[in-house]
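# Notes for the structure review
What follows is the residue order along each chain.
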Amino acid sequence: MDSKFRSRVSWREKLERMKEPKIVDIPPKMQKRFGKGKMLIPKPLDIDALIRKVPKGKLITQSQIREKLAKDFKVDATCPLTTGIFIRIIAEAAEEDLRNGKKSVTPYWRVIKKDGSLNPKFPGGVEAQAKRLEAEGHVIEFSRSGKPKKVKNFEKYLVEL
């Protein structure tokens, strides 16, 4: 799966670039959603480590990842924007690793949205994610236009963190 985005910096370098997570005050624009308090800006490798723990046949939502990180770092919330960006970087790094001959990569395709829908920003889009999930035994529900939409009964397959 070739990426639409080209960069001089490899996805693996982007994944490993941020060395330390940051804890900041929840920005005023986000306080309506999260309230006042502290927010974690995670490092990508912390997210990568969580995704690697998701076994074959199981799923995890982006929300679960954020909640687990917030709990682990004893903060009120984890930044949804950077978490989403970092999950995309993890996915691209995994595909880059596969192209470079690595056999075992982070199973990013097991990350779904909180409503069970697939991620169109992953390499190969929702079609590629659907193929990988079907190969692990999941049933994919399709939209009227025939595009993969979400994992059927996804709640049954969510990991316990």
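Relevant structure appears above.
Now for a quick tour of the structure. (Residues numbered from 1 in each chain as written. Predicted model: local features only at pLDDT ≥ 70, side-chain atom pairs only at ≥ 80, totals over all residues. Heavy atoms only, no water.)

### Quick word on unusual backbone geometry
A negative phi angle is the norm for most residues apart from glycine, just as the trans form is the norm for most peptide bonds. Counted only if it meets this: Going along the chain from the N terminus, every DSSP run of H or I of four or more residues is numbered as a helix, and every run of E of two or more is numbered as a strand. Relative accessible area decides the class of each residue, using a 1.4 Å probe on protein chains only: under 20% of the type maximum gives buried, over 50% gives exposed, and in between gives partly exposed.
Unusually for a residue other than glycine, lysine 74 sits at a positive phi of about 55 degrees. Here lysine 74 lies in the loop between helix H4 (62–72) and strand S4 (77–78). Of the residues examined, lysine 74 reaches a relative accessible area of 73% and is grouped as exposed. Despite not being glycine, asparagine 153 has its phi angle at roughly 50 degrees, a positive value. In this fold, asparagine 153 is placed in the segment after strand S7 (148–151). With a relative accessible area of 42%, asparagine 153 lands in the partly exposed category.

### Brief notes about helix H6 (residues 125–135)
Quick note on the threshold: Note on contacts: a residue pair is in contact if any heavy atoms of the two residues lie within 4.5 Å.
If you check which residues of H6 are buried, you get Gly125, Val126, Ala128, Gln129, Ala130 and Leu133. Packing partners of the buried residues in H6 comprise strand S5 (111–112), strand S6 (140–142) and S7. Backbone geometry just downstream of H6 places glycine 137 in the positive-phi region, at approximately 100 degrees.

### Things to note about the packing of H4 against helix H5 (residues 80–99)
Stated precisely, the cut-off is as follows: In this analysis an axis means a line fitted to C-alpha atoms, helices contributing only their contacting stretch, and an angle means the value between N-to-C directions, from 0 to 180 degrees. Left-handed is the label given to a crossing in which the near helix is rotated counterclockwise from the far helix by less than a right angle, and right-handed is the label when the rotation is clockwise. When residues are grouped by polarity, Ala, Val, Leu, Ile, Met, Phe, Trp, Tyr, Cys and Pro land in nonpolar, Asp, Glu, Lys and Arg in charged, and all others, Gly among them, in polar.
Their axes nearest at 11 Å, the elements H4 and H5 cross at an angle of 115 degrees. Both H4 and H5 take part in a crossing whose hand is right-handed. From H4, Gln62, Ile65 and Arg66 reach across to H5, where they touch Pro80, Thr83, Gly84 and Ile87. Classifying every residue of the contact of H4 with H5 gives three nonpolar, three polar and one charged.

### Here's the deal with H5
The test is simple: For a helix, the expected span equals 1.5 Å multiplied by the residue count minus one.
The terminal C-alpha atoms of H5, which comprises 20 residues, lie 29 Å apart, in line with the 28 Å expected from a rise of 1.5 Å per residue. H5 sits mainly inside the fold: 14 of its 20 residues count as buried. In the stretch just after H5, glycine 101 is the one whose phi turns positive, near 95 degrees.

### A closer look at the nonpolar core
Applicable threshold: The nonpolar core is taken to be a set of buried Ala, Val, Leu, Ile, Met, Phe, Trp, Tyr and Cys residues, with the residues joined through side-chain atoms within 4.5 Å.
Residues Ile47, Ile65, Leu118 and Val151 are the most contacted members of the largest nonpolar core, which totals 40 residues. Among the elements of the structure, helix H1 (11–17), strand S2 (38–41), helix H3 (44–52), H4, H5, S5 and H6 are those that each provide at least two residues to this core. It is H5 that provides the largest number of residues to this core, a total of seven residues. Discounting chain neighbours no more than four positions away, the residues touching leucine 118 are Ile112, Lys113, Val126, Gln129, Ala130, Leu133, Ile140, Pro148, Lys149, Lys150 and Val151.

### Notes on the pattern of salt bridges
Just so we agree on the cut-off: Think of a salt bridge as a Lys or Arg side-chain nitrogen and an Asp or Glu carboxyl oxygen that are within 4 Å of each other.
Evaluation of the coordinates by the stated rule reveals nine salt bridges. Between arginine 12 and aspartate 97 there is a salt bridge whose closest N-O contact spans 2.3 Å. In this pair, arginine 12 sits in helix H1 while aspartate 97 sits in helix H5, placing the two residues 85 residues apart along the sequence. A single salt-bridge network, built from bridges that share partners, covers Arg12, Glu16, Asp97 and Lys102.

### Observations regarding the side chain of serine 117
Stated formally: For the purposes of these results, a polar contact is taken to be a pair of N or O atoms within 3.5 Å, where, inside protein, one atom must be able to donate a hydrogen and its partner to accept one; residues adjacent in sequence count only when each atom of the pair is a side-chain atom.
On the secondary structure map, serine 117 appears in the loop between S5 and H6. A distance of 2.6 Å separates a polar atom in the side chain of serine 117 from a polar atom in the side chain of aspartate 115. Those residues in contact with serine 117 that lie beyond four places of it in its chain are Ile112, Lys149 and Lys150.

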